[in-house]
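Listed below are the residues making up each chain.
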Amino acid sequence: MSEIVLKDLRHSYVPAPKDDADWALKQVDVRWSDGGAYALLGPSGCGKTTLLNIISGLLTPTEGQVFFGTRDVTHEPPEQRNIAQVFQFPVVYDTMTVYDNLAFPLRNRGVPAADVDAQVRQIAEMLDLEDGLFKRAAGLTADGKQKISLGRGLVRSDVNVIMFDEPLTVIDPHLKWQLRSKLKELHHEVGSTMIYVTHDQTEALTFADQVVVMYEGTVVQIGTPVELFERPKHTFVGHFIGSPGMNVLPCQLEGGVPQVGGQPVPLGNGPVEAPAGARLELGVRPEFVTFADEGLPVQVVKVSDAGRHSIVETRLAGNRVMLLVREGESLPSESARLSFDPAHTQVYADGWMIA
Amino acid sequence: MSLELKSVSKRVGAETHIHATDLTLKDDGFNILLGTTLSGKTTLMQLMAGLERPTSGEIWFDGKNVTRVPTQKRNVSMVHQQFINYPNLSVFENIASPLKVAGVARDEIAKRVDRVAELLKLGPLLKRRPGALSGGQQQRTALARALVKDADLILLDEPLANLDFKLREELRDELPRLFADRSCTVVYATTEPSEALLLGGHTATLHEGRITQFGETGKIYRHPADLLSAKVFSDPPINTAEVVKAGDRFSLSQEVSWPAGPKLAGLADGPYTVGIRPHHILPSPNDTARIPIRGKVLVTELSGSESVIHFAMGKATWVSQSHGIHAFEIGAEAELFMDAERFFYFGADESLVAA
């Protein structure tokens, strides 16, 4: 086990990259400490799989280095890196028993039989696989098989890192809950460094202590789930994280106070200064918008029942503003006024947070 | 135009895939089939489409018995989870294909394709091949093809399941609008309770080839007919416990009991099963969440906007879901508060007796 450092990584699938668009990874610098739970989060095509393949050694980066501890592994092949990987679709030998499937990665590395047995039984216990341990894997359901895949990833105690590539995509929601919390529990027990790659914010935010958000080949923000939620540094993070995402409204500054549709929106901190000519936007999450007696005038357009809250869509000077209203609270019908929580309202210049 | 299943069942060999089902679908808003993988959603859709013949029973559409009418003559469109497009045809030709088959005139085809393409934001992509599109654009193309032919019955089988989280959110918001001013019956299958809620309309909960309940989506979420329907329509999984009513109190254990309010006073003394949604167990008390319980914290998932706490109470694992950040130490004893006004009470036959 060791710290993982990605230093000045750049990668292009084009032989002689010229402009920005040629780079699948534009610039990545990340330091992951030993034993942490991390997530790489981003939409399809953001570069997260490229990054994963560089860490596992399936790809050599065009520029930059990968370190496991102090060892530079940039040019080492995957088998020398001592990592475990769990994929989107279960990788299971149908003809083998559950036990033999779990034992496979250990036997493959010549681990003595007695140790194999101890480790397999420990993992089987953690994943509640003890009952059918000596049955063939062929008869299992998709989530049963994915549990074995997780087990195979977790069974070796000596790996540098365990990487999960969208491991719960094929799993039904109610089982997703179980496997997700199981994984979290296992991280607590096993203590290995884990990197979880996904486009699903819920999975990333609930699993990881720290999330790396990627967009178009760049890291846009690294932070705890709370930081990403409360202080998104870029409008992309605000939009991508949260459901619905952050409201992003064009604004102007007058005397350092942002104005939306000609109305002032007070912020928590003092007057805002913006670079000249920058595109200015105000960002506020639906969770921090409330109906109020005084405030910004809006029209209520649509109310969706999400069970524990309603998602209310309103129009403010032509812009869409969403807010959440908790189950059981009353809703205005047409015209209403909104208040934004000043402590959780940000100003962005050309996409980046300035206040 | 309504679709009616009269005692429709489907057996394959010795296995019953669909038990005798009576169902009348609505032509205003979505009809959602909600259930886990293999609960019978796809089979039901195939029966509705005429792709499968029922073993018994009849299917009526618009007042006519269509049980023996082949799919080609039924004016049905279907969209699958795995987007299906013709790889060698352009997006335009893909969308136009059902109209060509139907012998629609050329300029009429162009007009209708353009209109649908605009609706689904495919306008600039019409000349491309599906291979050059993102997943979301490919699924939009498949949706456009289903929309273009003005079908009487549109079947959408988990159409968003293979898309990125954010794209799913966007299309889920768009879909009901696309069908809003059409006179057709829309059926939508999903494994996700949250998706059913947000799409609104009517929902049928499915379990092992049986429809357990059908009604307005919000209503059946808040009034599940029985324990099974409540379980199918709950994400995270609903907490359940055996409780006993004695006189004017319900008790869950020696320590945990609550008064049977006026609504419940009429219930006979004896055992009941109580169903408690995770968001009705909160980390801090409020006006209605006032019944304290204690449990050992197993896992916490803090997503930035909400907290999910898994805890052990008695022999069972419980889940609490709340807005905001509530940190608990793993392994520690936690106090949480249940909202008894929102409990579901089920009788010995598991049907709802009070809510």
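About the cut-offs
What you see as residue numbers is a count from 1 along each chain, following the sequence as written. Chain letters and ligand numbers both follow the written order, the letters beginning at A and the numbers at 1. Local features in this predicted model are restricted to residues whose pLDDT is 70 or higher, and side-chain atom pairs enter the listing and the counts only when it is 80 or higher, whereas totals over whole chains, interfaces and linings include all residues. Values shown for side chains rest on all heavy atoms present in the structure; no hydrogens or waters enter the calculation. Helix and strand labels come from DSSP, where a helix needs a run of H or I of at least four residues and a strand needs a run of E of at least two; each type is numbered from the N terminus. Buried residues are those whose accessible area, probed at 1.4 Å on protein chains only, stays under 20% of the maximum for their type, while exposed residues exceed 50% and partly exposed ones sit between those limits. In this analysis, two residues are considered to be in contact whenever any of their non-hydrogen atoms come within 4.5 Å of each other. Accessible areas in this description were obtained via Shrake-Rupley with a 1.4 Å probe; residue shielding takes into account the shown protein chains only. When charges are counted, Lys and Arg are positive and Asp and Glu negative, with His and the chain ends excluded. Charged groups are reduced to one reference atom each: NZ for lysine, CZ for arginine, CG for aspartic acid, CD for glutamic acid. Here, any two strands with at least 2 DSSP bridges between them count as paired. Axis definition: a line fitted to C-alpha atoms, over the contacting stretch in the case of helices. Angles run 0 to 180 degrees between N-to-C directions. In this scheme, roughly parallel covers angles under 35 degrees and roughly antiparallel covers those over 145, while 65 to 115 is roughly perpendicular and the rest are oblique. Crossings are assigned a handedness: left-handed for a near helix turned anticlockwise from the far helix by less than a right angle, right-handed for a clockwise turn. Throughout, the ten residues Ala, Val, Leu, Ile, Met, Phe, Trp, Tyr, Cys and Pro are labelled nonpolar, Asp, Glu, Lys and Arg are labelled charged, and all others, Gly among them, are labelled polar. Accessible area that two parts lose when put together, evaluated with a 1.4 Å probe and summed over both, is termed the buried area. Take a side-chain nitrogen of Lys or Arg and a carboxyl oxygen of Asp or Glu: if they are within 4 Å of each other, that pair is a salt bridge. In protein, a polar contact means a hydrogen-donor-capable atom and an acceptor-capable atom, both N or O and within 3.5 Å, with residues adjacent in sequence counting only if both atoms are side-chain atoms; elsewhere, any N or O pair within 3.5 Å suffices.

S.K.: Whenever I open this one, the overall build of chain A confuses me. Can you help?
M.R.: A count of helices and strands for chain A gives eight helices and 22 strands. Taken over 355 residues, chain A has a buried fraction of 54%. Counting only contacts in chain A whose residues sit at least 6 apart along the sequence, the fraction spanning at least 24 positions is 66%. Of the roughly 15100 Å² of accessible surface on chain A, a fraction of 49% belongs to carbon and sulfur atoms. For chain A, the distance from the average position of its 31 positive side-chain charges to the average position of its 45 negative side-chain charges is 4 Å.

S.K.: Which parts of the structure should I look at to understand the overall build of chain B?
M.R.: Of regular secondary structure, chain B possesses eight helices and 21 strands. By its C-alpha atoms, chain B is 75 × 45 × 35 Å across when sized along the principal axes. Here chain B holds 355 residues, and the buried ones make up 52% of them. Restricting to contacts in chain B with at least 6 residues of sequence separation, those with at least 24 account for 66%. Element-wise, carbon and sulfur atoms account for 50% of the exposed surface of chain B, whose accessible area totals about 15800 Å². On chain B, the mean spot of the 40 positive side-chain charges and the mean spot of the 43 negative ones are 7 Å from each other.

S.K.: Would you mind showing me how to read the sheet that holds strand E6 (residues 76-79) of chain B here?
M.R.: In sheet architecture, strand pairing relies on hydrogen bonds along the backbone and comes in two forms, parallel and antiparallel. Residues and elements named next belong to chain B. With mixed pairing, six strands are arranged side by side in an open sheet as E6-E7-E8-E3-E9-E10. The sheet terminates laterally at E6 and strand E10 (210-216), the two strands that pair on one side only. With strand direction ignored, the average angle separating the axes of adjacent strands in the sheet is 15 degrees. Of the pairings in the sheet, the one linking E6 to strand E7 (residues 153-157) comprises four bridges and is parallel in character. If you follow valine 76 over to E7, its bridge partner there is leucine 153.

S.K.: Whenever I open this one, the packing of helix H2 (residues 91-101) of chain B against helix H4 (residues 135-148) of chain B confuses me. Can you help?
M.R.: For any two helices packed against each other, one specifies the inter-axial angle together with the distance between the axes. Residues and elements named next belong to chain B. Look at H2 against H4: their axes get within 8 Å of each other, and the N-to-C directions meet at 30 degrees. The pairing of H2 with H4 is recorded here as roughly parallel in orientation. In terms of crossing hand, the pair formed by H2 and H4 is right-handed. The segment H2 lies against H4, with Val91, Asn94, Ile95, Ser97, Pro98 and Leu99 engaging Thr141, Ala144, Arg145 and Val148. Partitioned by chemical class, the residues of the contact of H2 with H4 number six nonpolar, three polar and one charged.

S.K.: Where do I start with the packing of H4 of chain B against helix H5 (residues 165-179) of chain B in this structure?
M.R.: Residue and element names in this part refer to chain B. Between H4 and H5, the least distance of the axes is 12 Å, while the angle of their chain directions is 15 degrees. Judged on the interaxial angle alone, H5 and H4 are roughly parallel. Crossing geometry of H4 relative to H5 is assigned as right-handed. Contacts from Gly136, Arg140, Leu143 and Leu147 in H4 reach Leu167, Glu170, Leu171, Glu174, Leu175, Leu178 and Phe179 in H5. Residue composition of the contact of H4 with H5, by class: seven nonpolar, one polar and three charged.

S.K.: In this structure, what is going on with helix H1 (residues 48-56) of chain A? I would like to understand it.
M.R.: Residues and elements named next belong to chain A. Counting buried positions over the nine residues of H1 gives eight, a clear majority of the element. Among all positions in H1, only Lys48, Thr50, Leu51, Leu52, Asn53, Ile54, Ile55 and Ser56 are buried. Just downstream of H1, glycine 57 is the residue with a positive phi angle, here 95 degrees.

S.K.: In this structure, what is going on with the interface of chain B and chain A? I would like to understand it.
M.R.: Accessible area lost upon the coming together of the parts serves often as the stated size of an interface. Each partner contributes to the interface: chain B provides 38 residues, whereas chain A provides 40 residues. Taken together, both faces of the contact between chain B and chain A bury some 3400 Å²; the carbon and sulfur share is 53%. Per-residue buried area on chain B facing chain A is highest for Phe165, Lys166 and His323 of chain B; these three make up 19% of the total on that side. Applying the counting rule to chain B against chain A returns eight salt bridges. Linking glutamate 313 of chain A and arginine 177 of chain B is a salt bridge whose minimum nitrogen-to-oxygen distance equals 3.3 Å. One can count 19 residue pairs in polar contact (both at pLDDT 80 or more) joining chain B with chain A. For the side of chain B that touches chain A, the secondary-structure elements that each account for two or more residues are H5, helix H6 (193-199), helix H7 (217-222), strand E16 (289-302), strand E17 (306-313) and strand E18 (316-323) of chain B. Per-element tally for the side of chain B that touches chain A: the top contributor is H5 of chain B, with six residues.

S.K.: Looking at this model, I keep getting lost on helix H2 (residues 98-107) of chain A. Mind explaining?
M.R.: Residues lying three or four places apart along an α-helix face the same way, a consequence of the helix completing one turn every 3.6 residues. Among the ten residues of H2 of chain A, seven are classified as buried, and the element is accordingly described as predominantly covered. Considering only its buried residues, H2 of chain A is in contact with helix H3 (113-126) and helix H4 (142-154) of chain A.

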